[in-house]
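Summary of structural features
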Amino acid sequence: MDLSYTAEEQAFRDEVCDWLAKRLPKRLSTKVRKAQRLTKADYDEWHSLLAERGWMAWHWPVEHGGTGWTPVGKHIFEEEMIAAGAPRIVPFGVNMLGPVLIRYGTQAQKDTYLPRILSGADWWAQGYSEPGAGSDLASLKTRAVRDGDYYIVNGQKTWTTMAHFANRIFCLVRTDPDAPKRQQGISFLLIDLGSPGIEIRPIYTLEGEHDVNEVFFTDVRVPVENLVGDENDGWTVAKYLLNYERTGIAGVAYSKQALAGLKRVAAIERKDGRALAEDPYFAARMARLEIDLMAMEIFNLRVVAAAGEGKLPGAESSLLKIKGTQVHQEATDLMRRAVGPYAAPDLPEAFDEGWNGEAPGPDYALPLARSYFNMRKASIYGGSNEIQRNIVAKHLLGL
Amino acid sequence: MDFNLSDERRMLKDTVERFIRERYPIEKRHQFAASDVGFSHEMWREFADLGLIGALMPPSVDGFGGTGEDILLVFEALGRGLVVEPFLASGILGASPLIDIGDVATLGEVMAGERVLALAHGEPDGRYNLSHVRTRATQGAEGWQVT
């Protein structure tokens, strides 16, 4: 057993840090560190820098333009990227649809869509969840009826992240409502968001931001060529997608950044004449968080290392998801508490680039309540923590 | 142990709840909260006309309530309607010291919905420690100088 990184892995980390220092625009990392709103143009700029270096498609085989990185390599890259304040890569096209098309797509679909994902010509959204189908995704109702060379799609998707930036959406739709098992009547369709009959409406989340949407489909005509995989075999395709989220799901890198930020703030904030970090109660909570994060990081690395040997995680990814989201939520909670009453003021305008106003308290206090409220979703999305505990109970504990 | 309300208090509760239900729908509440001031002066006066602010003040300052039970009734009704007018700031926090010194004139204006109070007690470094007070007031010939 050797938990240290190899010489090659260390050299790769150095190469990544070096490139980030040279090519990550300061304007973007400043925006990320200040929790300012990233525009579509910001994401496009970052994606094109990564694509230019050939570092955009982590989960694609090399022959399709992928990086060829090992799971440990991906882990290292993500860690350094987040530490440097880079925007996240928007995952729907490059991390989700890309591998799906490579595995299940026709040659025509690969030739058409893969280059457009890499170049940024297409921005994809994920049409999965519906008002009645979140945790129980297989109960989805959006209907696709075959009509000659088209499917006619009717229904609604919800919680669609960044659909307002996207020009295309991949959807799970019901093509056979009479299948014996619900999973057996689902198909995977690629839909152009410019099609007649599509309406996108914003959903404002608890902190007042617009990241997610409802997408309504009314008699939308989708060419049959846009079916990925076989009709009624969409569930297989959807499950394949999940493999690519399993090792990154703990969000360890984000939590490490949050903890570092928390320590900085706790050193500055005063309580009863001394630094908040020296208040015994607060110090104990920070220590608990740091201990949990360290334990989770090692567990995450164990899963990553096993993936590198070809052992894809099973129910371990549920443990990572549960603990990872708890740690991240605790970090945002402590950050909010650290600034006391200064967490209360909300200035939405302060999160636009170029804002020149004055915060009522310290600048670092401005985004903390928003981050806390935004992170409430983490224990719900990606398979709620309740569902994940059921998986752990069944597959790890044998209950 | 008796948690029941007297008839008089039950009437107050019903009146207040009905008023808020009818005059303070959630859409209007959002409008008031989103305004520059963050509440509605017109609504504050309507609440005053209803006697809701007076219900928070004791008879010693010409109010007609001011007990724990009165305050509880008013605030439960306000909570139900998510009311944003400054009952806490003006009716409780700002009013308390004025009740102690018997400033009937100022409190009369508050009860009439013509004046809004704010109690400035927090300081940047104080966090939630009420006895952390660095602000100084010195008395001079022309009155008090506050720094």
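In this report, we go over the structure that sits alongside the text. (Residues numbered from 1 in each chain as written. Chains lettered and ligands numbered in written order. Predicted model: local features only at pLDDT ≥ 70, side-chain atom pairs only at ≥ 80, totals over all residues. Heavy atoms only, no water.)

Regarding the packing of helix H10 (residues 316–338) of chain A against helix H12 (residues 385–395) of chain A
Residue and element names in this part refer to chain A. Short version of the rule: To define axes, lines are fitted to C-alpha atoms, for helices over the stretch in contact only, and angles between the resulting N-to-C directions are given on a 0 to 180 degree scale. For helices the rule is a DSSP run of H or I covering at least 4 residues; for strands it is a run of E covering at least 2, with both sets numbered from the N terminus onward. Should the near helix be turned anticlockwise from the far one by less than a right angle, the crossing is termed left-handed; should it be turned clockwise, right-handed. Here, residues are in contact when the closest pair of their heavy atoms is within 4.5 Å. Each residue gets one label: Ala, Val, Leu, Ile, Met, Phe, Trp, Tyr, Cys and Pro are nonpolar, Asp, Glu, Lys and Arg are charged, and the others, such as Gly, are polar.
Interaxial distance between H10 and H12 falls to 9 Å at its minimum, and their mutual angle equals 145°. By crossing handedness, the relation of H10 to H12 is classed as left-handed. On the side of H10, the interface is formed by Ser-318, Leu-319, Lys-321, Ile-322, Thr-325 and Gln-326, while H12 contributes Asn-385, Gln-388, Arg-389, Ile-391 and Val-392. By residue class, the composition of the contact of H10 with H12 is four nonpolar, five polar and two charged.

Quick word on the packing of aromatic side chains
All names here are of chain A. Using the following cut-off: To pair, rings of Phe, Tyr and Trp, with the six-membered ring standing in for Trp, must have centres within 6.5 Å; the planes then decide the type, stacked if under 30 degrees apart, edge-to-face if over 60, and tilted in the middle. Only protein chains enter the area calculation, which uses a 1.4 Å probe; residues under 20% of their type maximum are buried, those over 50% are exposed, and those in between are partly exposed.
A complete count under the given rule lists 22 aromatic pairs over all chains for this structure. A centroid spacing of 6.0 Å and a plane angle of 80° characterise the contact between Tyr-43 and Trp-123, whose relative ring orientation is edge-to-face. One end of the pair, Tyr-43, is in helix H3 (residues 40–53); the other, Trp-123, is in the loop between helix H6 (107–119) and strand S1 (124–127), and 80 residues separate them in sequence. With a relative accessible area of 10%, Tyr-43 lands in the buried category. Here Trp-123 falls in the buried class, since its relative accessible area comes to 5%. Aromatic side chains Tyr-128 and Phe-170 sit 6.0 Å apart centroid to centroid with 80° between the ring planes, which places their arrangement in the edge-to-face category. One end of the pair, Tyr-128, is in the loop between S1 and strand S2 (143–147); the other, Phe-170, is in strand S4 (residues 168–174), and 42 residues separate them in sequence.

Focus on the nonpolar core
The nonpolar side chains of a soluble globular protein tend to be buried, and buried together. Cut-off, in case you're wondering: Residues enter a nonpolar core if they are buried and are Ala, Val, Leu, Ile, Met, Phe, Trp, Tyr or Cys, with the set joined through side-chain atoms within 4.5 Å.
Grouped together as the largest cluster of nonpolar side chains are 71 residues, with contacts concentrated most on Trp-46, Phe-170, Phe-188 and Ile-191 of chain A. Not counting residues within four places of it along the chain, the set of residues in contact with Phe-170 of chain A comprises Phe-92, Met-96, Leu-97, Trp-124, Ala-125, Gln-126, Gly-127, Tyr-128, Phe-188, Leu-189, Leu-190 and Leu-241 of chain A. Judged by nonpolar contacts, the second largest core, of 27 residues, contains Phe-19, Met-43, Trp-44 and Met-111 of chain B.

Digging into the pairing of strand S2 (residues 143–146) of chain B
One face of the sheet, then the other: side chains in a regular strand alternate in exactly this way. All names here are of chain B. Note the threshold: Following DSSP output, two strands are said to pair if at least two bridges run between them.
Of the strand pairs in this sheet, strand S1 (residues 137–140) and S2 are connected by four bridges, and their pairing is antiparallel. Within S2, the position partnered with Gly-140 by the bridge is Gly-143. Between S1 and S2, which pair antiparallel in sequence order, lie two residues.

Some details on helix H7 (residues 234–242) of chain A
All names here are of chain A. Note the cut-off: Here the arc refers to the set of directions running from the helix axis out to each C-beta atom.
What H7 keeps buried is the set Gly-234, Val-237, Ala-238, Tyr-240 and Leu-241. One side of H7 holds all its buried residues, which, seen down the axis, span an arc of 155°. In this structure, the buried residues of H7 make contact with helix H5 (91–104), S4, strand S5 (186–192) and strand S8 (227–228).

Structural notes on the interface of chain A and chain B
This is how the line gets drawn: Summed over both partners, buried area is the accessible surface (1.4 Å probe) that two parts give up on being assembled. For salt bridges, the criterion is a side-chain nitrogen of Lys or Arg within 4 Å of an Asp or Glu carboxyl oxygen.
Contact with chain A, which involves eleven residues of that partner, is made by five residues of chain B. Here chain A and chain B share an interface that buries about 560 Å² over both sides, 47% of which is from carbon and sulfur atoms. Ranking the residues of chain A by area buried against chain B places Arg-270, Pro-341 and Tyr-342 of chain A at the top, with a combined share of 54%. In this structure, the connection of chain A to chain B is made through one salt bridge. Arg-127 of chain B is paired through a salt bridge with Glu-269 of chain A; the nearest N and O atoms lie 3.4 Å apart. Counting residues per element, the ones that place at least two in the side of chain A that touches chain B are strand S9 (270–271) and H10 of chain A. Taken together, the residues of the side of chain A that touches chain B break down into five nonpolar, one polar and five charged.

Some words on a nonpolar patch on the surface
What counts is decided by this rule: A residue counts toward a patch only above 30% relative accessible area and without a salt bridge, and it is joined to like-charged neighbours within 9 Å or, for Val, Leu, Ile, Met, Phe, Trp and Tyr, to nonpolar neighbours within 5 Å. Computed with a 1.4 Å probe, the accessible areas rest on the Shrake-Rupley method; for each residue, only the protein chains presented here act as cover.
Taken together, Leu-319, Leu-396, Leu-397 and Leu-399 of chain A make up a surface patch of nonpolar side chains, about 410 Å² in accessible area. Considering the arrangement of structural elements, one finds Leu-319 of chain A in helix H10.

As for the side chain of Thr-160 of chain A
Relative to the helices and strands, Thr-160 of chain A resides in the loop between strand S3 (150–157) and S4. Among residues more than four places away in sequence, those in contact with Thr-160 of chain A are Ala-125, Gln-126, Ile-169, Asp-211, Val-212, Asn-213 and Val-215 of chain A.

Section: the environment of Asp-7 of chain B
Residue and element names in this part refer to chain B. As for its position among the elements, Asp-7 is in helix H1 (residues 7–23). What makes Asp-7 exposed here is its relative accessible area of 67%. The sequence separation of Asp-7 and Arg-136 amounts to 129 residues, and the corresponding C-alpha distance is 48 Å.

Things to note about unusual backbone geometry
Even without a glycine there, the phi angle at Trp-159 of chain A is positive, about 55°. Summarising the element assignment, Trp-159 of chain A is placed in the loop between S3 and S4. Phi angles above zero are rare outside glycine, and Asp-62 of chain B is one such case at about 70°. Relative to the helices and strands, Asp-62 of chain B is located in the loop between helix H3 (41–49) and helix H4 (68–81).

Looking at the pattern of salt bridges
Residues and elements named next belong to chain A. Counted under the stated rule, the structure contains 39 salt bridges over all chains. Between Arg-53 and Glu-15 there is a salt bridge, and its shortest N-O distance comes to 2.7 Å. With Arg-53 in helix H3 and Glu-15 in helix H1 (residues 7–23), the pair connects residues that are 38 residues apart, well separated along the chain. Arg-53 gets classed as partly exposed once you look at its relative accessible area, which sits at 32%. The partner of Asp-122 in a salt bridge is Arg-116, and the shortest N-O contact between them spans 2.9 Å. Classification of Asp-122 as buried rests on a relative accessible area of 5%. One continuous salt-bridge network, built from bridges that share partners, spans Arg-13, Glu-79, Glu-80, Lys-256 and Glu-297.

Some details on helix H5 (residues 87–101) of chain B
In an α-helix, one turn spans 3.6 residues, which is why side chains three or four residues apart end up on the same side. Residues and elements named next belong to chain B. We apply this condition: One less than the residue count of a helix, multiplied by 1.5 Å, gives the span that helix is expected to have.
Helix length check: H5 (15 residues) gives 20 Å between terminal C-alpha atoms against 21 Å at 1.5 Å per residue, within 8%. Among the residues of H5, those classed as buried are Phe-87, Ser-90, Gly-91, Ile-92, Gly-94, Ala-95 and Leu-98. Tucked into the core, H5 has its buried residues touching H3, H4 and helix H6 (104–111). Note on H5: the residue one or two positions beyond its end, Gly-102, has a positive phi of about 70°.

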